[in-house]
Amino acid sequence: MTAAQEGPAPEPESELPLHEDRLDYTPTARSVTLCRRRAARLITEWGHPDRAGEAALLVSELATNALLHGCMRGRLFRVHLTLTATILRIEVTDPRGERLPGPRVAGADDCYGRGLLIVAQLADRWGVEPRTVGKTVFAELTLRPPDMPMGPHELRAGPTRTPTPR
């Protein structure tokens, strides 16, 4: 049997979904609030309360973009969360595949235009996947063991001081 006949290679165990949630929302501003709160609650329940705020912000930004640029009257948008051992993937799917997102430079007085810049700063990886109808914009957060430093996303209160002996 050749490699082409064997079928797809099995996914590594670390990439198998541990938890998954998928819900469709009406294209209203209230839906952004609902999906943001749902994401924060689920990520906390799934054992990653330290990443719930980041996940909620990513969901909020991607859902807002879908609402503003990707939704059509009478068509829903979908938020899909997938948690593996190493990655939290957030996907937002909307029906407008011809309107691809891209970061832009917002003016100082602009109220909009910074969403994908926020996504790019928070997410370890993000992108767009075309669909037969519409598109999916995704963001991924890499999950690290609790004892591993967070790298560029680590927040620190300032330099640590060791007590000076007297």
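In case you missed it, the structure is sitting above this.
Just so we're clear, the structure is a prediction, and the values are computed from it rather than from any experiment.

A. The pattern of salt bridges, seen in detail. Applying the stated criterion across every chain, the model contains 10 salt bridges. Between Glu 20 and Arg 22 there is a salt bridge; the shortest N-O distance is 3.5 Å. Measuring nitrogen to oxygen at the nearest pair gives 2.6 Å for the salt bridge that ties Arg 89 to Glu 91. Taking the relative accessible area as the measure of exposure, Glu 91 reaches 15% and is therefore buried. Where salt bridges share partners, they join Arg 89, Glu 91, Arg 125, Glu 129 and Glu 140 into one cluster.

B. Broad picture of the packing of aromatic side chains. Inspection of every chain in the model, using the stated rule, returns one aromatic pair. For the ring pair Tyr 25 and Phe 77, a centre distance of 5.7 Å and an interplane angle of 25° mean the geometry is stacked. Separated by 52 residues along the polypeptide, Tyr 25 in strand E1 (residues 19-25) and Phe 77 in strand E2 (residues 77-83) bring together distant segments of the chain. As far as burial versus exposure is concerned, Tyr 25 and Phe 77 are alike and both buried. Sitting above the plane of the Phe 138 ring, Arg 89 keeps its charged end 4.0 Å from the centroid.

Reading the values: the criteria
- Residues numbered from 1 in each chain as written.
- Predicted model: local features only at pLDDT ≥ 70, side-chain atom pairs only at ≥ 80, totals over all residues.
- Heavy atoms only, no water.
- Salt bridge = Lys/Arg side-chain N within 4 Å of Asp/Glu carboxyl O.
- Buried < 20%, exposed > 50% of the residue type's maximum accessible area, 1.4 Å probe, protein only.
- Phe/Tyr/Trp six-rings, centres within 6.5 Å; stacked < 30°, edge-to-face > 60°.
- Helix = DSSP H or I, 4+ residues; strand = E, 2+ residues; numbered from the N terminus.
- Lys NZ or Arg CZ within 6 Å of the ring centre and 35° of its normal.

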